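Fold and geometry: a report
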Amino acid sequence: MNLNNQTSVTEFLLLGLSGKSQQEEVLCGLFLGMYLVTITGNLLIIFAISCDPHLHTPMYFFLASLSTVDICTSSVTIPKMLVNHIVGSKSISYRECMSQIYFFITFSNMDGFLLSVMAYDRYVAICCPLHYTLIMRPRLCVLLVAASGLITNLHALLHTLLMAQLTFCSNNAVHHFFCDPYPILKLACSDTFINHLMVFTEGALIFLTPFICIIVSYAYIFSNVLKLPTARGIRKALSTCGSHLTVVSLFYGAILGVYMHPSSSYSVQDTVATVIFTVVTPMVNPFIYSLRNRDMKGALRKLILRS
């Protein structure tokens, strides 16, 4: 498909978060620091899990997969913004923008699917402990991650191809630091009915399926935990759920605030919420999972001492 034949616009202008040069310099410095922390923290999680045989379990396999996706999510958006700031440009080519939309949709949805898989893992561990090793076999774990990747890539491909069919006229200024699908849809001068229809049907299905799986998993978990006879047993059962629930709340809270309404009502508040799940959440995930987990802290300590 020749994308350039579909539009009179050959590039978009990423105006950033503030649109003011002095504030953009501060924001770029802040984003650079956050990006470096994200890469370092998530790589440490991946290396610690791979180097410690005690962490070669389904729960930590899913956590390593989540850290990998978090690195990819940040790498889709932040490096282009930093490069543009360094070279003094705000432009992103049409093809680069479509590519950014594709990978952004893929990895942001992959996050949600992995969080639902992790919730299912906790459900099996707490509600079916005697059958845990039988159910959560390595083959099933790999299959769950692979299926999540396949579904999210097909989902992203559908919406990117629909976006590529739109016509964009003279207005090519995007009030964001990357090609977020909603601000791009607002710039189209052709009919976006099909795009919005797919967002609120197929897109809602892809978004709500893992979200509902998380809710159902924790409903069963809490119903089983409350039957335990002692408070100590309840705390022990929920000890591995606290970190996961914190990440789920941060991730889905931001997404619900941004994408559960038409693109025409996209505002500055939505831009800030987008920053939370594209920049902040990938950065804080390693801290949330390591600071509240004795096994992870021990593995990180061994890794640092060994290096």
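Residues numbered from 1 in each chain as written. Predicted model: local features only at pLDDT ≥ 70, side-chain atom pairs only at ≥ 80, totals over all residues. Heavy atoms only, no water.

You'll find the protein chain entered in an unreviewed UniProt entry as Olfactory receptor, with Sciurus carolinensis given as the organism. Annotation of the protein chain in UniProt includes, under Subcellular location (unreviewed entry), the sentence "Cell membrane". Word for word, the UniProt comment on the protein chain under Sequence similarities (unreviewed entry) is "Belongs to the G-protein coupled receptor 1 family." (UniProt positions renumbered as here; feature names shortened; annotations may be inferred.)

The subject of this paragraph is the sheet that holds strand 2 (residues 91–93). The strand order 2-1-3 describes an open sheet built from three strands, whose pairing is mixed. Each edge of the open sheet is held by one strand with a lone partner, namely strand 2 and strand 3 (173–174). One ladder, built from two bridges, connects strand 1 (residues 11–14) with strand 3; its direction is parallel. Across the sheet, L14 pairs through a bridge with V174, a residue of strand 3. Packing against the sheet, helix 3 (residues 94–127) makes contact with strand 1 and strand 2, and its axis sits at approximately 80 degrees to strand 2. (Pairing = 2+ DSSP bridges. Helix = DSSP H or I, 4+ residues; strand = E, 2+ residues; numbered from the N terminus. Contact = heavy atoms within 4.5 Å. Axes fitted to C-alpha atoms, helices over the stretch in contact; angles between N-to-C directions.)

With that settled, consider the nonpolar core. As a rule of thumb, nonpolar side chains are buried together in soluble globular proteins. By size, the foremost hydrophobic cluster in this structure holds 87 residues, and its most contacted members are F12, L115, F168, I184 and M296. At 17 residues, the largest contribution of residues to this core is made by helix 3. If near-sequence neighbours (up to four positions away) are discounted, F12 is found in contact with K90, S91, I92, Y94, C97, F168, N172, V174, I184 and L187. (Core = buried A, V, L, I, M, F, W, Y, C linked by side-chain atoms within 4.5 Å. Buried < 20%, exposed > 50% of the residue type's maximum accessible area, 1.4 Å probe, protein only.)

Further remarks concern the side chain of N172. Tracing the chain through its elements places N172 in the loop between helix 5 (138–164) and strand 3. Looking at N172, the relative accessible area reads 17%, which means it is buried. At a separation of 3.0 Å, a polar atom in the side chain of N172 contacts the main-chain carbonyl oxygen of E11. The residues contacting N172, other than those within four sequence positions of it, are V9, E11, F12, L13 and L187. (Polar contact = N/O pair within 3.5 Å; in protein donor to acceptor, adjacent residues only side chain to side chain.)

The subject of this paragraph is the environment of V199. Within the secondary structure, V199 sits in helix 7 (residues 193–225). The contacts of V199, once residues within four sequence positions are left out, are H159, Y182 and A204.

Turning our attention to the confidence of the model for the protein chain. A residue-level look at the protein chain finds 89% of positions with pLDDT of 70 or above and a mean pLDDT of 87. Across the protein chain, the secondary-structure element scoring lowest on mean pLDDT is helix 8 (residues 231–238), at 68, and the one scoring highest is helix 5, at 96. The low-confidence segment residues 1–7 (pLDDT under 50) makes 17 contacts with residues lying over four places distant or belonging to another chain. (pLDDT = per-residue confidence, 0-100.)

The subject of this paragraph is helix 2 (residues 58–87). Taking 1.5 Å per residue as the helical rise, helix 2 with its 30 residues ought to reach 44 Å, and the 44 Å between its terminal C-alpha atoms agrees with that figure. Its axis deflected by about 35 degrees at S75, helix 2 carries its strongest bend there, up to four residues before the proline P79. Positioned one or two residues after helix 2, G88 has a phi angle of 75 degrees, which is positive. (Expected span 1.5 Å × (residues − 1). Bend = angle between axes of the 7 residues up to and from the residue.)

Okay, the UniProt feature "transmembrane region" (unreviewed entry) in the protein chain next. When the UniProt feature table is mapped onto this chain, "transmembrane region" (unreviewed entry) is found at residues 30–49, 101–120, 140–158, 204–226, 238–260 and 272–291. This span, residues 30–49, is 100% helix and 0% strand, and a straight line between its end C-alpha atoms measures 29 Å. A helix fraction of 100% and a strand fraction of 0% characterise residues 272–291, whose end C-alpha atoms lie 26 Å from each other.

With that out of the way, let us pick up the state of the cysteines. Per the stated rule, a full pass over the model turns up two disulfides. Here C97 connects covalently by a disulfide to C179, the sulfurs 2.1 Å from one another. In this structure, the disulfide formed by C97 and C179 twists by about -125 degrees around the S-S bond and is classed as left-handed. Of this pair, C97 sits in helix 3 while C179 sits in the loop between strand 3 and helix 6 (181–187), and the two are 82 residues apart along the sequence. By the burial criterion, C97 is buried, and C179 matches it. Distance from the sulfur of C128, which forms no disulfide, to the nearest cysteine sulfur (C127) is 6.0 Å. C128 sits in the partly exposed class, given a relative accessible area of 22%. With no disulfide partner, C241 has as its closest neighbouring cysteine sulfur the one in C127, 9.0 Å distant. (Disulfide = S-S within 2.5 Å.)

A few words now on the environment of V280. Inspection of the secondary structure puts V280 in helix 10 (residues 268–291). On the basis of relative accessibility, which here comes to 23%, the residue V280 falls in the partly exposed class. Look past the residues within four positions of V280 in its chain and what remains in contact with it is M34 and V275.

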